[in-house]
Amino acid sequence: MLIVADENIPLLDSFFGDIGEIRRVSGRSMSNEDVRDADIVLVRSVTRVNRELLEGSRVRFVGTTTIGTDHVDLDWLKAAGIRFSAAPGCNANSVAEYVLSVLSLHAERRGLADWSQLSVGIVGVGNVGGELAHKLERLGFDVRLCDPPRADREEDDQEFVSLEEAMKCDVVSLHTPLTREGDHPTLHMIGHPELEALGANQLLINAGRGEVIDSSALLTRLDQGNAPTVALDVWEQEPRIHPELVDRVWLATPHIAGYSLEGKVQGTEMIYQSLSQFLGLPVRKKAGQFLPEPALSKISFTSSADEEDAIRIALRACYDPRPDDARLRNAMTGSVEERGAAFDRLRRDYPVRRECSSLKIQLKGTSKSLQDSFRAIGFKLKI
């Protein structure tokens, strides 16, 4: 059995080596010729999975180790009798921790003594948005949830607000899938009118899909007075993203919000489980078997620690987005093709990043409030 897989999927040999022969290829350039004699194809979001890729092949199963499926022609796969599996929620915690770290930097930049003073509008309340909301609510933030499709389905539930209402918050964080049709399409959902409504004291974060924001409208807005602060992890026209937009936003990262080691490995594990079920094989492997010891395993705080400082130190010990921002800005040189290749290299060669659960926080005589905050974020505690 031949498995053709994106070379950037972690732990391919560990999970799939005893199922079949593995052929690694570039996900961005994966072609029909690459998969013609494959039985299994494993991809990430950079590969378009459709008739053009698979027609004439003997592929029986396609798995994407990502939460999104907008790169996959699901109708064609179903018509062709090809089983498909995704990994919904695999990196939800990773993206939530990314947003928390961005919020921490923003609060510090604003000079806020208590970051939970910020109100946060979460647009898109699926696995990622739901995980983020859960953490923020436990941390004491005022959270407003916007998810029109869910609001339609759960019409008796009054917890959802309109997009207009969500965008009045101090922070607006986007976590929607990319949809072009239906009652609530998200393509260019944030355009000129929405951006005009945002002011200088607000922060807009997009760690969902780049095309949800109209980049041209955003560039125009950022050149105007009273412009909002913007942090982008996802971009239109990846990997050939617009260098002027990188230059204008406050924080720019190369589509890595979900790139914690735990998130990536969990995505691989979920597809391994689905493939094993499809083939009638026992599921014997779990992600925890393969996670290495973290480079930083423990931080200690005493009773003299300031609560906000302690949270900032611990969060940024696990993940600080500023080095990713610097790497992306430094990559925005050369031709369009050179910039695109550099963007892909930043993702391919991304350094190991561990989630907060990998770090043990030792607390000596600290307040219950601080303990509760660390638990809400996801740290392990030793008291």
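See the structure shown above.
Source: prediction; values computed, not measured. (Residues numbered from 1 in each chain as written. Predicted model: local features only at pLDDT ≥ 70, side-chain atom pairs only at ≥ 80, totals over all residues. Heavy atoms only, no water.)

### With respect to the overall build of the chain
Link 1 in the chain: Scanning the chain for helices and strands turns up 16 helices and 14 strands.
Link 2 in the chain: Against the compact-globule benchmark of 21 Å for 383 residues, the chain has a radius of gyration of 21 Å, which places it among compact chains.
Link 3 in the chain: Dimensions of the chain, computed from the C-alpha atoms along their principal axes, are close to 60 × 50 × 50 Å.
Link 4 in the chain: Across the 383 residues in the chain, those meeting the buried criterion constitute 55%.
Link 5 in the chain: In the chain, the proportion of contacts linking residues at least 24 apart, taken out of those at least 6 apart, comes to 62%.
Link 6 in the chain: Carbon and sulfur atoms make up 45% of the accessible area of the chain, which amounts to about 16900 Å² in all.
Link 7 in the chain: Between the mean site of the 46 positive side-chain charges and the mean site of the 58 negative ones, the chain shows a separation of 7 Å. (Helix = DSSP H or I, 4+ residues; strand = E, 2+ residues; numbered from the N terminus. Rg over C-alpha atoms; globule rule 2.2 N^0.38 Å. Buried < 20%, exposed > 50% of the residue type's maximum accessible area, 1.4 Å probe, protein only. Contact = heavy atoms within 4.5 Å. Areas by Shrake-Rupley, 256 points an atom, 1.4 Å probe, with all protein chains shown as cover. Lys, Arg positive; Asp, Glu negative; His and termini not counted. Charge placed at Lys NZ, Arg CZ, Asp CG, Glu CD.)

### Concerning the side chain of Asn32
Link 1 in the chain: Looking at the secondary structure, you find Asn32 in helix H2 (residues 32-35).
Link 2 in the chain: For Asn32, the side chain forms a polar contact with the main-chain oxygen of Glu55, separated by 2.9 Å.
Link 3 in the chain: For Asn32, the residues in contact, after removing those within four places along its chain, are Glu52, Leu53, Leu54 and Glu55. (Polar contact = N/O pair within 3.5 Å; in protein donor to acceptor, adjacent residues only side chain to side chain.)

### Brief notes about the sheet that holds strand E10 (residues 229-232)
Link 1 in the chain: If you walk across this open sheet you meet the 6 strands as E7-E6-E8-E9-E10-E11, and the pairing is parallel. Of all the strands in the sheet, the pair left with one neighbour each is strand E7 (142-146) and strand E11 (251-252).
Link 2 in the chain: As judged from the 4 bridges shared by strand E9 (residues 203-206) and E10, these two strands associate in the parallel manner. Bridge pairing links Asn206 to Leu232 in E10.
Link 3 in the chain: Against the sheet, helix H6 (residues 127-138) contacts strand E6 (119-123), E7 and strand E8 (171-174), and its axis sits at roughly 165 degrees relative to E6. (Pairing = 2+ DSSP bridges. Axes fitted to C-alpha atoms, helices over the stretch in contact; angles between N-to-C directions.)

### As for the state of the cysteines
Link 1 in the chain: Counted under the stated rule, the structure contains 0 disulfides.
Link 2 in the chain: Summary of cysteine pairing: Cys146 is not part of a disulfide, and the nearest cysteine sulfur, belonging to Cys169, is at 9.9 Å.
Link 3 in the chain: Residue class for Cys146 comes out buried when judged on its relative accessible area of 1%. (Disulfide = S-S within 2.5 Å.)

### Some words on the pairing of E6
Within a regular strand, the side chains alternate between the two sheet faces.
Link 1 in the chain: Most of E6 is tucked away, with 5 of its 5 residues classed as buried.
Link 2 in the chain: One ladder, built from 5 bridges, connects E6 with E7; its direction is parallel. In the sheet register, Gly121 faces E7, and the bridge partner there is Arg144.
Link 3 in the chain: Judged from the 4 bridges that link them, E6 and E8 form a sheet pairing that is parallel. The residue of E8 that forms the bridge with Gly121 is Val172.

### What to know about the pairing of strand E3 (residues 40-43)
Link 1 in the chain: Side chains Ile40 and Leu42 project from E3 onto one buried face, and the interleaved Val41 and Val43 project onto a second face that is buried too.
Link 2 in the chain: For strand E1 (residues 2-6) and E3, the ladder comprises 3 bridges, and the chain directions are parallel. Paired with Val4 across the two strands is Val41, which belongs to E3.

### Some remarks on the packing of helix H13 (residues 307-318) against helix H16 (residues 368-377)
Link 1 in the chain: At their nearest, the axes of H13 and H16 sit 10 Å apart, and the two run at 25 degrees to each other. By the angle between their axes, H13 is roughly parallel relative to H16. For the pair H13 and H16, the crossing hand works out as right-handed. Two secondary-structure elements touch here, H13 through Glu307, Ala310, Ile311, Ala314 and Leu315 and H16 through Ser369, Leu370, Ser373, Phe374 and Ile377. (Parallel < 35°, antiparallel > 145°, perpendicular 65-115°, else oblique. Left-handed = near helix turned anticlockwise from the far one by under 90°.)

### With respect to the environment of Asp34
Link 1 in the chain: One can find Asp34 in helix H2.
Link 2 in the chain: For Asp34 and Asp344, which are 310 residues apart along the polypeptide, the C-alpha to C-alpha distance reads 20 Å.
Link 3 in the chain: Discounting chain neighbours no more than four positions away, the residues touching Asp34 are Val4, Arg23, Val25 and Ser29.
Link 4 in the chain: Within polar-contact distance, the side chain of Asp34 engages the backbone nitrogen of Ser31 at 2.9 Å.

### As for the packing of aromatic side chains
Link 1 in the chain: The full count for this structure, using the stated rule, is 10 aromatic pairs.
Link 2 in the chain: Centre to centre, the rings of Tyr259 and Tyr350 are 5.7 Å apart; their planes meet at 75 degrees, and the pair counts as edge-to-face. Linking Tyr259 in the loop between E11 and helix H12 (261-279) with Tyr350 in the loop between helix H15 (336-348) and strand E13 (360-364), this pair joins segments that are 91 residues apart in sequence. For the pair Tyr259 and Tyr350, one class covers both residues: buried.
Link 3 in the chain: Ring geometry for Phe374 versus Phe379: centroids 5.5 Å apart, planes at 85 degrees, classification edge-to-face.
Link 4 in the chain: For Phe374, a relative accessible area of 0% puts it in the buried group.
Link 5 in the chain: By way of ring pairs, the aromatic residues Phe15, Phe16, Tyr272 and Phe290 are connected into one cluster.
Link 6 in the chain: Note that Arg353 overlies the ring of Tyr319, its terminal NZ or CZ placed 4.1 Å from the centroid. (Phe/Tyr/Trp six-rings, centres within 6.5 Å; stacked < 30°, edge-to-face > 60°. Lys NZ or Arg CZ within 6 Å of the ring centre and 35° of its normal.)

### Regarding the sheet that holds strand E2 (residues 21-25)
Link 1 in the chain: Read across the open sheet, the 5 strands follow the order E2-E1-E3-E4-E5; overall the sheet is parallel. Of all strands in the sheet, those with a lone pairing partner are E2 and strand E5 (83-85), marking the two edges. Across the sheet, the mean angle separating the axes of adjacent strands is 15 degrees when strand polarity is ignored.
Link 2 in the chain: Here 3 bridges tie strand E4 (residues 61-64) to E5, and the two strands are oriented parallel to one another.

None of this, on its own, says anything about what the molecule does.
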